[in-house]
Amino acid sequence: MPRRAAGTIFPWRRERRPVERIRMRVLISIPALNEEKTVGGVISGIPAEIEGVSVLDVLVIDDGSSDATAERAREAGASVIRHARNRGLGAAFRTALASARDGGYDALVTIDGDGQFDPAGISSLLAPLVDGSADLVTCSRFMPGTPRGSTPWIRRFGNGVVAAMVNALTGSRVHDATCGFRAYGPAALEWISSFSRFTYTQETLIDLAWKRMRIREVALPVRGVRQHGRSSISGNLVRYAFLSAGAIYSASHDHMPWRFYGLPGLAMTAAGLIAEALVFARWIDTGKVTPFKGVAIAGLFLVVIGLLLTIMASLAESSSHTRHLIEEQTAYRVRQTRSGQRDRA
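Because the structure is a prediction, the values reported are computed rather than measured.

Attention now goes to the overall build of the protein chain. A count of helices and strands for the protein chain gives 10 helices and 7 strands. Taken over 345 residues, the protein chain has a buried fraction of 50%. Long-range pairs, those at least 24 residues apart, make up 73% of the contacts in the protein chain between residues at least 6 apart in sequence. For the protein chain, the computed accessible surface area is about 16,600 Å², with 59% contributed by carbon and sulfur atoms.

In structure tokens form, the structure reads like this:
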């Protein structure tokens, strides 16, 4: 992967150069919470060899399980990082991301430990990364022509709403914004940011889309209903919807603070000033503001709220620049670590 110049803000907006063909070092991350019955099968189903991949390591993130998930994972040959308590899927992803970065890996694959995804599909996810045609490859359960399978209709409907929101915010075109079966390439590993505790799927998709990463969907067969246990994410669909909306909002406003705060603030300020001007003109003409006192109060309210939103947009813009500087430093460190791993290989 060609290096980006350190100290350059928004380097992902540059025109891309051809990707250097290399045999990739891949870390496969499996977040698991009380998945002792299925995690071993997921690990054993991972292909032993994948074209274009030189190293294939498996890491299970045990997110505070109360059963033998960690023991079953080690028995199946995986390394295990255990959280002392349940910290959420987003925290599990960040643990995996830190491991991939610190280990100098070229790609990170995430697959759930509940057995809903066929680990044989990892080869299909990695192929676009190996040939350099994508930065993020995600499994899609809802692409046109994909078998409906046994996925409940309410989950299909919910994903459609989330995908529509993500597409509207980023200008991308994805059909499945909530799937956790993904492969992140070198550029994505360098620049991705994640903050949500609840989940990372929508957040990282928005983040990478706004950074002009090349996103590709691959249709793969998925088991729609878990064989064992209950999903800790989508078990309560109302809670899932609210928390997903919060994650989408949090990921979006940092990339476009003026769209979220500035434009509404300017519009409200303008509307309030117009209302105040009309009331003032009546007062000049008649010496009275009645019966438009309510208009005057509403106009003042709009001006105050509008100015506050405009100030928030300015503060958020400054915070966004700070975040980009931190991401620049992180990307440089990741490239240096990866380069060191290749030199030692």
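Turning our attention to the pattern of salt bridges. It is possible for side chains of opposite charge to pair when their charged atoms get near one another. One pass over the structure, following the stated rule, counts 13 salt bridges. The shortest N-O distance in the salt bridge between arginine 72 and glutamate 75 comes to 2.9 Å. Here arginine 72 pairs with glutamate 75, and both are found in helix H2 (residues 69–75), just 3 residues apart, close to one helical turn.

Attention shifts here to the sheet that holds strand S4 (residues 107–110). One open sheet accounts for 7 strands, arranged S3-S2-S1-S4-S6-S5-S7; its pairing is mixed. In this open sheet, the two strands that pair with only one neighbour each are strand S3 (79–83) and strand S7 (215–219). The mean inter-strand angle of the sheet, taken between neighbouring strand axes irrespective of direction, is 20 degrees. When strand S1 (residues 24–32) meets S4, the two strands line up parallel, connected through 4 bridges. Looking at the pairing, isoleucine 28 lines up with valine 109 of S4.

Take unusual backbone geometry next. In this structure, the amide linkage connecting threonine 290 to the following residue, proline 291, adopts the cis form with an omega of 5 degrees. Phi at arginine 212 takes a positive value of approximately 65 degrees, unusual for a residue other than glycine.

Attention now moves to the nonpolar core. Phe93, Leu108, Val166, Tyr184, Ile206 and Leu208 are the most contacted members of the largest nonpolar core, which totals 34 residues. The set of elements that each furnish at least two residues to this core consists of strand S2 (53–63), helix H3 (89–102), helix H5 (153–170), helix H6 (186–191), helix H7 (201–210) and helix H8 (237–253). For this core, the leading source of residues is H3, giving 6 residues. Residue contacts for isoleucine 206: discarding those within four places in its chain leaves Val166, Leu169, Thr170, Ile248, Ala251 and Ser252. Ranked by size, the runner-up nonpolar core spans 33 residues in total, among them Met24, Leu129, Phe181 and Leu220.

Residues Trp153, Ile154, Phe157, Val161 and Met165 make up a contiguous nonpolar surface patch of roughly 530 Å² in combined accessible area. Inspection of the secondary structure assignment puts valine 161 in helix H5.

Right, let's talk about H5 for a bit. With 18 residues, H5 should cover 26 Å at 1.5 Å per step; its first-to-last C-alpha distance of 26 Å lies within 8% of that length. Residue glycine 171 follows H5 closely and has a positive phi angle near 75 degrees.

Counted residue by residue, S1 has 9 buried out of 9 residues, so it is predominantly covered. The alternating pattern of S1 places Met24, Val26, Ile28, Ile30 and Ala32 on one face and Arg25, Leu27, Ser29 and Pro31 on the opposite face, and all of these are buried. Bridge count for S1 against S2 is 9 bridges, and the pairing is parallel. Each residue of the ladder has a partner; that of arginine 25, found in S2, is valine 55. Running through helix H1 (residues 39–44), the crossover from S1 to the neighbouring parallel element S2 is right-handed.

Basis of the calculations
- Residues numbered from 1 in each chain as written.
- Predicted model: local features only at pLDDT ≥ 70, side-chain atom pairs only at ≥ 80, totals over all residues.
- Heavy atoms only, no water.
- Helix = DSSP H or I, 4+ residues; strand = E, 2+ residues; numbered from the N terminus.
- Buried < 20%, exposed > 50% of the residue type's maximum accessible area, 1.4 Å probe, protein only.
- Contact = heavy atoms within 4.5 Å.
- Areas by Shrake-Rupley, 256 points an atom, 1.4 Å probe, with all protein chains shown as cover.
- Salt bridge = Lys/Arg side-chain N within 4 Å of Asp/Glu carboxyl O.
- Pairing = 2+ DSSP bridges.
- Axes fitted to C-alpha atoms, helices over the stretch in contact; angles between N-to-C directions.
- Core = buried A, V, L, I, M, F, W, Y, C linked by side-chain atoms within 4.5 Å.
- Patch = residues over 30% accessible without salt bridge, like charges linked within 9 Å, V, L, I, M, F, W, Y side chains within 5 Å.
- Expected span 1.5 Å × (residues − 1).
- Right-handed = clockwise from strand over helix to strand, strands pointing away.

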